[in-house]
Amino acid sequence: MAEPTKKIKLLRKTSKTFLWISLVLMAFSTIGLYFYVRNLLQSEVEEELRSTEARIERSISGNNPIYQLPPMVEVETVSNLGAEHLKDTLIFDPSQNEIEEFRELITFSKINDQNYRITVRALIVESEDILIAVVISYLIVILFVFIFLFYLNKSRTEKLWNPFFKNLEQMKLFSLTSETPISLMDSDILEFSELNTEITMLTDKVRADYKNLKQFTEDVSHELQTPLAIIQAKVDTLINGEELNNLQFEQLSSIQNDIQRLKQLNKKLGLISKIENDQFTNISPCNLNHILKDRIDNLSELYPSEILFESNEDVVLLMDAHLAEVLCDNLLSNAVKYSLPNTPIVIILEKNSLSVRNKGIRTILKPNQLFQRFYKESDEVKSTGLGLAIVKKICDLYGFQPSYWYTNNEHHFTISLPKQ
């Protein structure tokens, strides 16, 4: 199973994207600026060298004194003309009393029937200082621009998405049982406005469907009770009559049992419907120790074997008192129905768990379906198949975690309770 993708907030996501894009652009633009300015300065230096060399040639052509300024300018007479050289070199600079890096241009010219080698140099250190100063200045400026744009973009984005976040909070607070219509913040953005319209229409429809379904469920449950009660009364009257043979008595008894099952089925389906519709809102502290002891006392009359209850401390949960009783009832009833004859049932209540253990011949064939509606291993035990489904619904409602396993010929049902 693939691991779930880590979620990130929208504003953080957009800010992170803006940040990374800006940093990448800053890096590339800084590198580009560095090489551009470097080439530009190098071209300027070379242009200056050639300009100096041209002025020296004009001066020599005019029979003016030969200009010498070592190591910046050197003019020598040579026997043969050579090839032009343009390179970087290290030369001792007497004015600085240290070795400096120079850009050097060596040219050969024949002037007035005399061959000359003209060497002109320019200090590169100054160009490097200018280059570094330009790059640093650019970084400082772009950094301030980036900070300004980042916070401007962030504040603008927050303002832009504010209606969305406000409406999202309203959606989280939406309740089917509430009569108050959902209140959404209006926006001048077309898409947000259309979203508000669709959300309003959807919530109104969902609330209307919920009311209709709730009313239908209540009506069906209520209407079934009356005919079932009438049928039950008539069957009782027939059974108590004097003119019944054994076959008729058995058939009427079977009908009576079926009516009882229908009553239980109707009652449990109604309970599940109420749980799903969040109709149990009467939350109060429920002492599970007291509830379990009362239920054990009631079951002791029906279950001939021993029911053991172990608990070292009182466990109090905030939940509906009726659902707490139903939860305990269904767990104990399930253990009584499926326990082997003359074997004890063990109930262990701890601070963060409730466990019910009973003996069984074999494990459940499909444990993953155990808490589903109408699931039954076999028809040997008369059951509606809704008891554990109700347990699961109650657990889901309050954040409990039900589990089952089979070991040492015993069925283990455990409810993990929240930490006290």
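Procedures and definitions
- Residues numbered from 1 in each chain as written.
- Predicted model: local features only at pLDDT ≥ 70, side-chain atom pairs only at ≥ 80, totals over all residues.
- Heavy atoms only, no water.
- Helix = DSSP H or I, 4+ residues; strand = E, 2+ residues; numbered from the N terminus.
- Buried < 20%, exposed > 50% of the residue type's maximum accessible area, 1.4 Å probe, protein only.
- Contact = heavy atoms within 4.5 Å.
- Areas by Shrake-Rupley, 256 points an atom, 1.4 Å probe, with all protein chains shown as cover.
- Patch = residues over 30% accessible without salt bridge, like charges linked within 9 Å, V, L, I, M, F, W, Y side chains within 5 Å.
- Salt bridge = Lys/Arg side-chain N within 4 Å of Asp/Glu carboxyl O.
- Pairing = 2+ DSSP bridges.
- Axes fitted to C-alpha atoms, helices over the stretch in contact; angles between N-to-C directions.
- Parallel < 35°, antiparallel > 145°, perpendicular 65-115°, else oblique.
- Left-handed = near helix turned anticlockwise from the far one by under 90°.
- Nonpolar A, V, L, I, M, F, W, Y, C, P; charged D, E, K, R; others polar.
- Expected span 1.5 Å × (residues − 1).
- Arc of directions from axis to C-beta.
- Polar contact = N/O pair within 3.5 Å; in protein donor to acceptor, adjacent residues only side chain to side chain.
- Lys, Arg positive; Asp, Glu negative; His and termini not counted.
- Charge placed at Lys NZ, Arg CZ, Asp CG, Glu CD.

Next up on the list: the overall build of the protein chain. Scanning the protein chain from N- to C-terminus turns up 7 helices and 11 strands. With 420 residues in all, the protein chain has 32% of them scored as buried. Once local pairs closer than 6 in sequence are excluded, the contacts in the protein chain between residues at least 24 apart make up 64%. Summed over all atoms, the accessible surface of the protein chain reaches about 27400 Å², with 56% contributed by carbon and sulfur.

This part covers a nonpolar patch on the surface. On the surface, a cluster of nonpolar side chains totalling about 460 Å² of accessible area is made up of Val 141, Val 145, Phe 148, Leu 149 and Leu 152. Looking at where Leu 152 falls in the secondary structure, it is placed in helix H2 (residues 124-172). With a relative accessible area of 43%, Leu 152 lands in the partly exposed category.

Let us now look at the pattern of salt bridges. Tallied over the entire structure, the rule returns 13 salt bridges. Put simply, Arg 103 and Glu 46 hold a salt bridge, and the shortest N to O gap is 2.8 Å. Note that Arg 103 is positioned in strand E3 (residues 98-111) and Glu 46 in helix H1 (residues 10-61), a separation of 57 residues in sequence. Look at Glu 46 and you get partly exposed, because its relative accessible area is 22%. With a shortest N-O distance of 2.8 Å, Arg 50 and Glu 84 are connected by a salt bridge. A residue pair is termed long-range when its members are at least 10 positions apart, and Arg 50 in helix H1 and Glu 84 in the loop between strand E1 (73-77) and strand E2 (85-93) qualify at 34 residues. Counted as one network, the salt bridges with shared partners bring together Glu 74, Lys 87, Glu 104 and Arg 121.

Sheet architecture is open: 5 strands sit in the order E6-E8-E9-E11-E10, paired in mixed fashion. The open sheet is flanked by strand E6 (307-311) and strand E10 (401-407), the only strands paired with a single partner. Strand-to-strand twist across the sheet, computed as the mean angle between neighbouring axes with direction ignored, equals 15°. Bridge count between E6 and strand E8 (residues 345-350): 5 bridges; the pairing is parallel. Bridge pairing in E8 places Glu 310 opposite Ile 348. Sheet strands touched by helix H5 (residues 288-300): E6, E8 and strand E9 (353-359). Its angle to E6, the strand with the most contacts, is close to 170°.

A few words now on the packing of helix H6 (residues 321-338) against helix H7 (residues 387-398). At their nearest, the axes of H6 and H7 sit 9 Å apart, and the two run at 140° to each other. Of the possible angle classes, the one that applies to H6 and H7 is oblique. Judged by the twist between their axes, the crossing of H6 over H7 is left-handed. Contacts between H6 and H7 pair Leu 323, Val 326, Leu 327, Asn 330, Leu 331 and Asn 334 from the former with Gly 387, Leu 388, Ile 390, Val 391, Ile 394, Cys 395, Leu 397 and Tyr 398 from the latter. Its residues assigned to classes, the contact of H6 with H7 shows 11 nonpolar, 3 polar and no charged.

This part covers H5. Helix length check: H5, at 13 residues, gives a terminal C-alpha distance of 18 Å against a target of 18 Å (1.5 Å per residue), a fit within 8%. Taken together, the buried positions of H5 are occupied by Leu 288, Asn 289, Ile 291, Leu 292, Arg 295, Ile 296 and Leu 299. Seen end-on, H5 carries its buried residues on one side only, within an arc spanning 160°. At the N-terminal boundary of H5, the capping side chain belongs to Asn 287, with an oxygen 2.9 Å from the backbone nitrogen of Asn 289.

Right, let's get into a positive patch on the surface. On the surface, Lys 6, Lys 9, Arg 12, Lys 13, Lys 16 and Lys 154 cluster together to form a positively charged patch. When residues of the positive patch are assigned to their parent elements, the largest contribution, 3 residues, is made by H1. Among the secondary structure elements, Lys 6 is positioned in the segment before H1.

Moving on, we come to the environment of Ile 106. Mapped onto the fold, Ile 106 is located in strand E3. Under the relative-accessibility criterion, Ile 106 is labelled buried at 13%. Counting along the chain gives 19 residues from Ile 106 to Lys 87, while the straight-line C-alpha distance between them is 8.8 Å. The contact partners of Ile 106, leaving out residues within four places of it in the chain, are Ala 83, Glu 84, His 85, Arg 117, Ile 118 and Thr 119.

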